[in-house]
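For reference, the chains in residue letters:
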Amino acid sequence: VTQAAVKAARLPGDPGVWIFIIADCCAFALFFLLFTIGRIGNPDLYERSRLLLDPTTGLLNTLILLTSSWFMVRAVEGARAGERSAVTRNLALSMAVGAGFGVSKIFEYSHKIGLGITMLTNEFFTYYFIFTGIHFLHFLIGLAVLAVCLAKARQDPLDARYVTWIEASGCYWHMVDLLWIMLFPMLYLLRAV
Amino acid sequence: VHEQKEYGIWRFCAWMGPLFAAVFIYFWGWLGHNFPPFQPDVPASDVAAYFRGNANSVRLGMVMAMTFAPCYGVWGYSIAKVLERVVGKDSILVQLARVGAAWTVITVLIPTSFWLTAAFRPEALPDWQIQMLYDMAWLLIDLAYAVTSVQMFAMGVGFLRDKRAVPLFPKWLSWYGIWVGFMFIAECIMPFFRSGAFARSGILNFWIEFLIWLVWIPTVTFYVLKATRRLEAEDAAG
């Protein structure tokens, strides 16, 4: 293996963060499996429950997270180029757009609870509330991580250490997207055969 | 000579972790019918019948689990000694890692005493009371997760600060520990379910949660022993 190949194959961020990301993805893979097994056993219930979710909100959430991630990519590029203003501006935009996901999710949860639908309503909604709830927790942690990145970008030198930091945070933030991109079709769109 | 003796004690303390895990699995888990536990929706009479029919096994199981519970804390102190070499003796992270391990001992000691109470005179207790003690113990041992998370987060953050070219404690294991401490949050939903994946006996709230913790203990021990050998060699080299 040439040195160039090793360099090209480098994982962004700290390799250790990838252990967290892989472990987390495994946990969600298990969640998706549980959902699929439940759905095979009771397709009618899952279909009836699914129709109570609003796919437009789901789509909006997807777009919010993807846009936020796009700003994150630009922030990482800014850090690599050593442009402090690009980093702070894009990080702030990533957080501001991303926060929209939180607002939308709170509305969605309160609406469901207002209709008397909770995680104890049926198996579909148990999975809906728990999986999106755990995802929501990941989202909140992501926002906190971005806030730390932003604070560091304002005062610390934009050196290799900072680039590792922001890359690792970016990888985590993209994982939050990725999980939502799996959750959205599974919960909102998947039709009964 | 004095230092060498200390490292020996570190190693002895580090071995207390796997010892705790082994005793916990066999005595608390197997003899106490906790590995896996009764599903919460089984009738009280089933739980009561087990406690009456196997009172001596459960008593022995809980007595041993209580006796060896402090091993977890002793193990945590050996980890903290290695952590001191990364972040310094006075670091709050060392103190939190230590206290997280010590508190975890309490979260084992108290619920095991409830199971022991249920097995003490099961013939005189009504079925529902045995079930209640069994439930109470499970609710406590699961919901006390955050105490252990303190240890995991403190160790994780502390060891990640290692500036050595080859860190004393691998970074991936720090991240894994942080992830486990975080995953424990799933225990919060356990009281809402009596069957399925999120019940105390379910795939997530029992199998995954206990497995990721029980795998972490010997893995951490392996690397603490390795770090101890390294520190000892560094000291010997002056």
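Above: the structure in question.
In this text, all values refer to a predicted model and were calculated from it rather than measured experimentally. (Residues numbered from 1 in each chain as written. Chains lettered and ligands numbered in written order. Predicted model: local features only at pLDDT ≥ 70, side-chain atom pairs only at ≥ 80, totals over all residues. Heavy atoms only, no water.)

K.L.:
Which residues make up the overall build of chain B, and what are the values?
P.N.:
Each helix and strand counted, chain B has 9 helices and 0 strands in total. The C-alpha radius of gyration of chain B comes to 19 Å, within 12% of the 18 Å expected for a compact globule of 238 residues. For the C-alpha atoms alone, the extent of chain B along its principal axes is close to 65 × 35 × 25 Å. Taken over 238 residues, chain B has a buried fraction of 52%. Looking at chain B alone, contacts between residues at least 24 apart form 80% of all its contacts between residues at least 6 apart. Here chain B displays about 10,400 Å² of accessible surface, and carbon together with sulfur accounts for 67% of that area. Of the charged side chains in chain B, 18 are positive and 16 negative, and the gap between their average positions amounts to 7 Å. (Helix = DSSP H or I, 4+ residues; strand = E, 2+ residues; numbered from the N terminus. Rg over C-alpha atoms; globule rule 2.2 N^0.38 Å. Buried < 20%, exposed > 50% of the residue type's maximum accessible area, 1.4 Å probe, protein only. Contact = heavy atoms within 4.5 Å. Areas by Shrake-Rupley, 256 points an atom, 1.4 Å probe, with all protein chains shown as cover. Lys, Arg positive; Asp, Glu negative; His and termini not counted. Charge placed at Lys NZ, Arg CZ, Asp CG, Glu CD.)

K.L.:
Before we move on, could you go through the packing of aromatic side chains and cite the residues and values that matter?
P.N.:
Considering all chains together, one arrives at 59 aromatic pairs over all chains under this definition. Looking at Lys-105 of chain A, its charged tip hangs above the ring of Tyr-109 of chain A, at a distance of 5.1 Å from the centre. Between the NZ or CZ atom of Arg-98 of chain B and the centre of the ring of Tyr-77 of chain B, over which it lies, the distance is 5.6 Å. (Phe/Tyr/Trp six-rings, centres within 6.5 Å; stacked < 30°, edge-to-face > 60°. Lys NZ or Arg CZ within 6 Å of the ring centre and 35° of its normal.)

K.L.:
Can you lay out the packing of helix H5 (residues 92–120) of chain B against helix H6 (residues 127–143) of chain B for me, pointing to particular residues and giving the numbers?
P.N.:
Residues and elements named next belong to chain B. Two elements in contact, H5 and H6, have axes separated by 8 Å at closest approach and are oriented at 170°. Judged by the inter-axis angle, H5 sits roughly antiparallel to H6. Along the contact surface, H5 presents Thr-107, Ile-110, Pro-111, Phe-114, Trp-115, Thr-117 and Ala-118, while H6 presents Ile-130, Leu-133, Tyr-134, Met-136, Ala-137, Trp-138, Leu-140 and Ile-141. The residue inventory of the contact of H5 with H6, partitioned by class, reads 13 nonpolar, 2 polar and no charged. (Axes fitted to C-alpha atoms, helices over the stretch in contact; angles between N-to-C directions. Parallel < 35°, antiparallel > 145°, perpendicular 65-115°, else oblique. Nonpolar A, V, L, I, M, F, W, Y, C, P; charged D, E, K, R; others polar.)

K.L.:
Tell me about the nonpolar core, residues and numbers included.
P.N.:
The biggest cluster of nonpolar side chains holds 134 residues, and the ones touching the most others in it are Leu-91 and Ile-166 of chain A together with Phe-51, Trp-213 and Trp-216 of chain B. Per element, the largest residue contribution to this core is 16 residues, and it comes from helix H7 (residues 160–189) of chain A. Leu-91 of chain A has contacts with Met-72, Ala-75, Leu-146, Cys-149, Leu-150, Tyr-162 and Ile-166 of chain A, leaving out every residue within four places of it along the chain. (Core = buried A, V, L, I, M, F, W, Y, C linked by side-chain atoms within 4.5 Å.)

K.L.:
Describe the packing of helix H2 (residues 15–41) of chain A against helix H8 (residues 171–183) of chain B, with residues and values.
P.N.:
In the contact formed by H2 of chain A and H8 of chain B, the axes pass within 7 Å of each other and the chain directions differ by 35°. Crossing of H2 of chain A over H8 of chain B shows right-handed handedness. For the pair formed by H2 of chain A and H8 of chain B, the contact residues are Gly-16, Val-17, Ile-19, Phe-20, Ala-23, Asp-24 and Ala-27 of chain A on the first element and Trp-172, Trp-175, Tyr-176, Ile-178, Trp-179, Phe-182 and Met-183 of chain B on the second. Residue classes in the contact of H2 of chain A with H8 of chain B are distributed as 12 nonpolar, 1 polar and 1 charged. (Left-handed = near helix turned anticlockwise from the far one by under 90°.)

K.L.:
Requested: an account of the interface of chain B and chain A, with residues and values cited.
P.N.:
At the junction of the two partners, chain B supplies 18 residues and chain A supplies 21 residues. Roughly 1,700 Å² of surface becomes buried between chain B and chain A when both sides are summed, with 88% attributable to carbon and sulfur atoms. Between chain B and chain A we count 1 residue pair in polar contact (both at pLDDT 80 or more) in total. Listing elements by their share of the side of chain B that touches chain A, those giving two or more residues are H8 and helix H9 (203–237) of chain B. Per element, the largest residue contribution to the side of chain B that touches chain A is 8 residues, and it comes from H8 of chain B. Along the lines of polarity and charge, the residues of the side of chain B that touches chain A split into 16 nonpolar, no polar and 2 charged. (Buried area = accessible area lost by both parts, 1.4 Å probe. Polar contact = N/O pair within 3.5 Å; in protein donor to acceptor, adjacent residues only side chain to side chain.)

K.L.:
Go over the state of the cysteines, please, and point to the residues and values.
P.N.:
When the sulfur atoms of two cysteines share a covalent bond, that bond is a disulfide. All names here are of chain A. As enumerated under the stated definition, the model contains 0 disulfides over all chains in all. Among the cysteines around Cys-149, which has no disulfide bond, Cys-171 carries the closest sulfur, lying 11 Å off. Residue Cys-171 is classed as buried on the basis of its relative accessible area of 11%. (Disulfide = S-S within 2.5 Å.)

K.L.:
Break down the environment of Lys-163 of chain B for me, citing the residues and quoting the values.
P.N.:
Along the polypeptide, Lys-163 of chain B turns up in the loop between helix H7 (145–160) and H8. The spacing of Lys-163 of chain B and Val-87 of chain B is 76 residues in sequence and 9.8 Å in space, taken between C-alpha atoms.

K.L.:
Break down helix H2 (residues 44–53) of chain B for me, with residues and values.
P.N.:
The complete set of buried residues in H2 of chain B reads Ala-44, Val-47, Ala-48, Tyr-50 and Phe-51 of chain B. Buried positions in H2 of chain B, seen along its axis, are confined to an arc of 160° and lie on one side of it. (Arc of directions from axis to C-beta.)

K.L.:
Explain the side chain of Asn-122 of chain A to me, and be specific about the residues and the numbers.
P.N.:
All names here are of chain A. In this fold, Asn-122 is placed in the loop between helix H5 (84–114) and helix H6 (123–155). The class of Asn-122 is buried, set by a relative accessible area of 17%. Side-chain polar atoms of Asn-122 contact the backbone nitrogen of Phe-124, separated by 3.0 Å. The contact partners of Asn-122, leaving out residues within four places of it in the chain, are Leu-45 and Ser-49.

K.L.:
Just give me the short version of the environment of Phe-125 of chain A, but keep the residues and values in it.
P.N.:
Residues and elements named next belong to chain A. Here Phe-125 shows up in helix H6. C-alpha separation for the pair Phe-125 and Ala-144, spaced 19 residues apart in sequence, amounts to 28 Å. Setting aside chain neighbours within four positions, we find Phe-125 in contact with Ser-49, Leu-52, Leu-53, Lys-112, Ile-117, Thr-118 and Met-119.

K.L.:
So, the pattern of salt bridges: which residues are in play, and what are the values?
P.N.:
Residue and element names in this part refer to chain B. Within the structure shown, the criterion is met by 14 salt bridges over all chains. Here Asp-235 makes a salt bridge to Arg-85, at a shortest N to O gap of 3.8 Å. Placement of the pair is Asp-235 in helix H9 and Arg-85 in helix H4 (residues 70–87), with a sequence separation of 150 residues. Overlapping salt bridges, with partners in common, bring together Lys-81, Glu-84, Lys-89 and Arg-98 in one network. (Salt bridge = Lys/Arg side-chain N within 4 Å of Asp/Glu carboxyl O.)

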